[in-house]
Amino acid sequence: MQIQENISLLPHNTFLMDVSARYWAEYGSVEELRDLLRRFADMPNLFIGQGSNLLFTKDYDGIILHSAMARARAVKETRDEVHIEAQSGLVLDQLIEQLCDMNLYGLENLSHIPGETGAAAVQNVGAYGVEAKDAISEVQALDTTTLQPCTLTNAACRFGYRDSVFKHEATGRYVITSVTFRLSKKPVYHLDYGNLRDALPATPSPTDIRNAVIRIRQSKLPEVSQTGSAGSFFKNPVVAEETADKLLSKHPAMPYYKQTDGIKIPAAWLIEQAGCKGMKSGDAEVYEHQPLVIVNRGNATPEDVMTLAQSIQEKVKEFSGIELQREVIYI
Ligand SMILES: Cc1cc2nc3c(=O)[nH]c(=O)nc-3n(C[C@H](O)[C@H](O)[C@H](O)COP(=O)(O)OP(=O)(O)OC[C@H]3O[C@@H](n4cnc5c(N)ncnc54)[C@H](O)[C@@H]3O)c2cc1C
């Protein structure tokens with residue numbers, strides 16, 4: 001177990017916000033996590049992965065807890081499937097690379113998404129027509145109210161679009177310790193999203209799909225190692241049919257996707273049409289290749305990012321009447 005005091009969070013958030021935390025602790029086992037929760041019971045705590053979906057808005061006056069548990073193992077195998085339990089601190093993309101090497105299908109479309117396995121369940125990460133929930137069979141956690149381990153089934157996690165029970169009534173209650181994924185030995189393809197199929201042979205392996213996804217992502221999204229950002233800043237809004245119809249009558253070229261609960265409109269399209277391309281506030285800027293992303297050009301402060309995000313929300317509201325919801329979590 002490692003505990004540090006008054007540390008800079010610069011290496012712990014992909015937006016590269018230069019703020020600090022009163023305490024930072026890393027635990028290598030559930031026992032250590034339990035000890036930390038007992039010892040620091042009287043102060044605010046935050047469970048963190050790679051900090052790739054967060055905006056630290058100020059110094060954190062509490063303890064930040066990071067999982068150093070990063071192993072994966074097969075826990076069940078049938079004729080068609082393998083169930084892999086991956087610990088929360090394992091980098092998701094490393095897990096996906098291993099699964100592709102094992103020729104297992106299920107997570108390859110999520111290649112190159114930053115972050116760790118625990119957070120992938122919190123966020124129900126998604127890309128190229130696949131969400132983590134499609135492969136998650138259950139989530140193992142420590143219940144911070146009882147300090148006892150527990151298991152949540154896929155249904156109990158109540159996954160939604162970038163959403164789960166861990167972001168609502170269970171916020172802060174469960175620390176995810178591992179996630180069990182159900183992977184297929186036989187090809188199960190999701191290639192109809194974007195231009196993914198065009199980049200692939202007729203019967204691609206998981207590694208072929210992974211490589212194609214990585215190539216496409218690299219052409220559109222900032223590289224975490226080079227540019228500060230937290231990926232998509234806003235969620236794609238899902239609106240009532242009447243709202244979409246009104247917008248379509250004014251903008252017949254508007255892209256939209258029918259969902260069970262309404263019509264999904266790409267937030268990037270709304271942001272671009274609202275005239276936000278090229279907008280900046282201090283060193284925070286709308287990313288030139290993907291207007292859904294706000295980037296840190298070097299010395300952006302939390303205020304720069306928040307001001308820019310608010311201006312985008314106001315302009316989109318003015319243009320369409322739609323209120324964009326943040327995907328990035330403010331801490
Ligand atoms: C360049 C870029 C591209 C991106 N592309 C995508 C994309 O295509 N699709 C997508 O869905 N997302 C994308 N993201 C967002 C981000 O990668 C995901 O949300 C990711 O799951 C965050 O993982 P993390 O480990 O960094 O979590 P963090 O940002 O550290 O935490 C996210 C949330 O999870 C909680 N949390 C973390 N670990 C635990 C735990 N063990 N137990 C309980 N709660 C925990 C945190 O408290 C926080 O609420 C992108 C981000 C970047 C920077």
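Residues numbered from 1 in each chain as written. Predicted model: local features only at pLDDT ≥ 70, side-chain atom pairs only at ≥ 80, totals over all residues. Heavy atoms only, no water.

Caption draft 1: A look at the overall build of the protein. When you go through the protein residue by residue, the secondary structure sums to seven helices and 20 strands. For the protein, the C-alpha atoms occupy an extent of roughly 60 × 50 × 35 Å along the three principal directions. For the protein, buried positions account for 50% of its 331 residues. Contacts in the protein between residues far apart in sequence, at least 24 positions, make up 63% of those at least 6 positions apart. With an accessible surface of roughly 15600 Å², the protein has 46% of that area assigned to carbon and sulfur atoms. (Helix = DSSP H or I, 4+ residues; strand = E, 2+ residues; numbered from the N terminus. Buried < 20%, exposed > 50% of the residue type's maximum accessible area, 1.4 Å probe, protein only. Contact = heavy atoms within 4.5 Å. Areas by Shrake-Rupley, 256 points an atom, 1.4 Å probe, with all protein chains shown as cover.)

Caption draft 2: Representation of the domain arrangement of the protein. As assigned here, the protein comprises domain 1 (2–67), domain 2 (72–220) and domain 3 (228–330). Taking the mean C-alpha position of each, domain 2 and domain 3 sit 26 Å from one another. Listed as interface residues are six residues of domain 2 and, on the opposing side, eight residues of domain 3. Buried surface at the junction of domain 2 and domain 3, both sides included, amounts to about 610 Å², of which 46% is carbon and sulfur. By the criterion of area lost to domain 3, the three top residues of domain 2 are Y161, R162 and K220, representing 72% of everything that side buries. Joining domain 2 to domain 3, the criterion identifies one residue pair in polar contact (both at pLDDT 80 or more). Considered class by class, the residues forming the side of domain 2 that touches domain 3 number one nonpolar, two polar and three charged. (Domains from an automatic or database assignment. Buried area = accessible area lost by both parts, 1.4 Å probe. Polar contact = N/O pair within 3.5 Å; in protein donor to acceptor, adjacent residues only side chain to side chain. Nonpolar A, V, L, I, M, F, W, Y, C, P; charged D, E, K, R; others polar.)

Caption draft 3: Geometry of unusual backbone geometry. A positive phi angle, near 75 degrees, is found at H112, a position not held by glycine. With respect to the helices and strands, the residue H112 is situated in the loop between α2 (92–101) and α3 (117–123). Located in the positive-phi region is L147, a residue other than glycine, with phi close to 60 degrees. Take L147: it is sitting in the loop between β10 (136–143) and β11 (148–153). Its relative accessible area of 15% is what places L147 among the buried residues.

Caption draft 4: Region of the structure containing the site of the ligand. Neighbouring residues of the ligand: 34 residues in total, closest F47, G49, S52, P114 and G126. Interatomic distance of 2.6 Å between a backbone N/O atom of F47 and an oxygen atom of the ligand. Within the backbone of N53, one N or O atom sits 2.9 Å away from an oxygen atom of the ligand. Contact with the protein chains hides 93% of the accessible area of the ligand, taken as 990 Å² for the molecule alone. Going through the elements one at a time, β3 (45–48), α3, β8 (126–127), β12 (174–184) and β13 (228–232) are the ones with two or more residues in the shell around the ligand. The biggest single contributor to the shell around the ligand is α3, with four residues. (Near = heavy atom within 4 Å.)

Caption draft 5: Region of interest: α2. Among all positions of α2, only L92, D93, L95, I96, L99 and C100 are buried. Along α2, the residues classed as buried sweep out an arc of 155 degrees about the axis, all on the same side. If you follow the buried residues of α2, they end up packed against β6 (72–77), β7 (81–87), α3, β12 and α4 (206–220). Among the residues trailing α2, N103 stands out with phi positive, at a value near 65 degrees. (Arc of directions from axis to C-beta.)

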